[in-house]
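Take a look at the letters that make up each chain.
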Amino acid sequence: MGYINQQTGYRGDVLSSRSIIKRHNYALIEPDGLVKNVIPGFENCDITILSTPKLGATFVDYLVTLLDGGRNHQGFGGGDIETFIYVIDGEIMAAADDKSYALKTGGYLYCPAGVKLYLDNNSEGKPSKLFLYKRKYQPLAGHKAYVVSGNVSQLERIEYEGMSDVILQDFLPKELGFDMNMHILSFNPGASHGYIETHVQEHGAYILSGAGMYNLDNDWVPVKKGDYIFMGAYCPQAGYAVGKDEVFSYIYSKDCHRDAEL
């Protein structure tokens, strides 16, 4: 069953999909066809596992819907795992390091390695939709990460490389203690990257609004709200917004602040 769009049973047409999987290079995963995964600790939750090492990523991304009574009281992360949660829609109570955080749409919480994340739906019987990330932290002597929380509405809106119609928002401090960051990149209709990027960093991107054309290893692929994109190391990548009125916007992860290992 494609549970995101409630597609069940036979269709009145041939089976088809926009999804593209090229392991260790790139992937486009559309909402149609996503299946539920059972993950210990998550109760009354619909979860899809997106990027994983099986795909070629060094991180794991999830799409989580906390239903009525949805929660994780067992804790997520901890040990050498860092985690990040972003509220796509709804309202939750999150906890980390003996502190509680009321997070509404646009809210986020980063937990460094050694700090577990706890979750409760707080939307009065309605579901809350989350983008969840985990990765093995790479320590750096003399530097340390720490818990960070806030709302995207409070983040600085940066003109991306001087382009006023492309806006970047950074979630985490640009400090060496952090070996990754989360960003939202937003394009007004017709706006684009200034060039096709090729770099060692990986990305996992969930499209929050709008539609665009994305260059993935020089394949131009149409993408839209609800799609997920994995971009592996050295995969050429860039995008531009299409449509008339809606901003093309996505949240994405990036590894940073570490040298390449031999």
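Residues numbered from 1 in each chain as written. Predicted model: local features only at pLDDT ≥ 70, side-chain atom pairs only at ≥ 80, totals over all residues. Heavy atoms only, no water.

Asker: Describe the overall build of the chain, and please don't skip the residues or the numbers.
Answerer: Looking only at helices and strands, one finds zero helices and 20 strands in the chain. The C-alpha atoms of the chain give 18 Å as radius of gyration, which agrees with the globular expectation for 262 residues (18 Å, within 12%). Overall, the chain is about 50 × 45 × 40 Å in size when its C-alpha atoms are taken along their principal axes. Looking at the chain residue by residue over its 262 residues, the buried ones come to 51%. For the chain, the proportion of contacts with a sequence separation of at least 24, taken over those separated by at least 6, is 68%. Split by element, the accessible area of the chain, about 12800 Å² in all, is 50% carbon and sulfur. (Helix = DSSP H or I, 4+ residues; strand = E, 2+ residues; numbered from the N terminus. Rg over C-alpha atoms; globule rule 2.2 N^0.38 Å. Buried < 20%, exposed > 50% of the residue type's maximum accessible area, 1.4 Å probe, protein only. Contact = heavy atoms within 4.5 Å. Areas by Shrake-Rupley, 256 points an atom, 1.4 Å probe, with all protein chains shown as cover.)

Asker: Let's hear about the pairing of strand β16 (residues 211–216): which residues, and what values?
Answerer: Here is the key point about a regular strand: its side chains alternate between the two faces of the sheet. In terms of strand pairing, β16 meets strand β17 (residues 219–224) through six bridges, oriented antiparallel. Bridge pairing links Tyr214 to Val221 in β17. Hairpin connection between β16 and β17: a loop of two residues separates the two successive antiparallel strands, and Asp217 in this loop has a positive phi of roughly 55°. In this structure, β16 lies alongside strand β19 (residues 237–242), joined through six bridges in antiparallel fashion. Bridge assignment links Tyr214 to a residue of β19, and that residue is Gly239. (Pairing = 2+ DSSP bridges.)

Asker: Describe the sheet that holds β16, and please don't skip the residues or the numbers.
Answerer: Taken in spatial order, the three strands make up an open sheet running β17-β16-β19, and their pairing is antiparallel. Whereas interior strands pair on both sides, the edge strands pair on one side only; in this sheet they are β17 and β19. Averaged over neighbouring strand pairs, the angle between their axes works out to 25° when direction is ignored. (Axes fitted to C-alpha atoms, helices over the stretch in contact; angles between N-to-C directions.)

Asker: Describe in detail the packing of aromatic side chains, supporting the description with residues and values.
Answerer: Enumeration according to the criterion identifies 18 aromatic pairs in this entry. An aromatic cluster is built from Phe187, Tyr214, Phe248, Tyr250 and Tyr252, whose rings are joined through pairwise contacts. (Phe/Tyr/Trp six-rings, centres within 6.5 Å; stacked < 30°, edge-to-face > 60°.)

Asker: Got a sec to walk through the sheet that holds strand β1 (residues 20–22)? Specific residues and values, please.
Answerer: Reading across the sheet, the eight strands line up as β1-β2-β18-β15-β20-β14-β13-β12 and stay open at both edges, with antiparallel pairing between neighbours. Strands at the two margins of the open sheet, each flanked by one partner only, are β1 and β12 (158–159). Where strand β2 (residues 26–29) lies against strand β18 (residues 228–231), four bridges are found, and the strand directions are antiparallel. Paired with Ala27 across the bridge in β18 is Phe230.

Asker: I'd like a description of the UniProt feature "domain: Cupin type-2" (unreviewed entry) in the chain, backed by residues and values.
Answerer: Here the UniProt feature "domain: Cupin type-2" (unreviewed entry) sits at residues 83–130 and 185–239. Secondary structure content for residues 83–130 is 0% helix and 69% strand, while the C-alpha to C-alpha distance between its ends is 13 Å. The distance from the first to the last C-alpha atom of residues 185–239 is 11 Å, and the span holds 0% helix and 53% strand. (UniProt positions renumbered as here; feature names shortened; annotations may be inferred.)

Asker: Can you break down the pattern of salt bridges residue by residue, with the values?
Answerer: Considering all chains together, one arrives at ten salt bridges under this definition. Of the charged contacts in the structure, one is a salt bridge between Asp32 and Arg11, with a shortest N-O distance of 2.6 Å. Here Arg11 lies in the segment before β1 and Asp32 lies in the loop between β2 and β3 (43–49), a separation of 21 residues in the sequence. Arg11 sits in the partly exposed class, given a relative accessible area of 36%. (Salt bridge = Lys/Arg side-chain N within 4 Å of Asp/Glu carboxyl O.)

Asker: So what about a nonpolar patch on the surface? Which residues, and what values?
Answerer: Residues Ile196, Trp220, Tyr240 and Val242 make up a contiguous nonpolar surface patch of about 340 Å² in total accessible area. Along the chain, Trp220 falls in strand β17. Residue class for Trp220 comes out partly exposed when judged on its relative accessible area of 43%. (Patch = residues over 30% accessible without salt bridge, like charges linked within 9 Å, V, L, I, M, F, W, Y side chains within 5 Å.)

Asker: An account of the side chain of Ser128 is needed here, citing residue identities and associated values.
Answerer: By secondary structure assignment, the location of Ser128 is in strand β10 (residues 128–136). Among the polar contacts made by the side chain of Ser128, one reaches the side chain of Ser123 at a distance of 2.7 Å. The residues touching Ser128, leaving out its near neighbours within four places in the chain, are Val64, Thr65, Leu66, Asp89, Gly90, Glu91, Ile92, Asn121 and Ser123. (Polar contact = N/O pair within 3.5 Å; in protein donor to acceptor, adjacent residues only side chain to side chain.)

Asker: I'd love a proper account of the nonpolar core, names of residues and values included.
Answerer: Grouped together as the largest cluster of nonpolar side chains are 32 residues, with contacts concentrated most on Phe84, Tyr86, Phe131, Phe171 and Ile251. Those elements giving two or more residues to this core turn out to be β2, β4 (59–77), β5 (81–89), β8 (107–111), β10, β14 (180–187), β15 (203–209) and β18. With residues up to four places along the chain from it excluded, the contact list for Ile251 reads Phe84, Tyr86, Phe131, Phe171, Met182, His183, Ile184, Gly204, Ala205, Tyr206 and Leu208. Listed in part, the 23 residues of the second largest apolar core include Ile39, Ala96, Val115 and Leu130. (Core = buried A, V, L, I, M, F, W, Y, C linked by side-chain atoms within 4.5 Å.)

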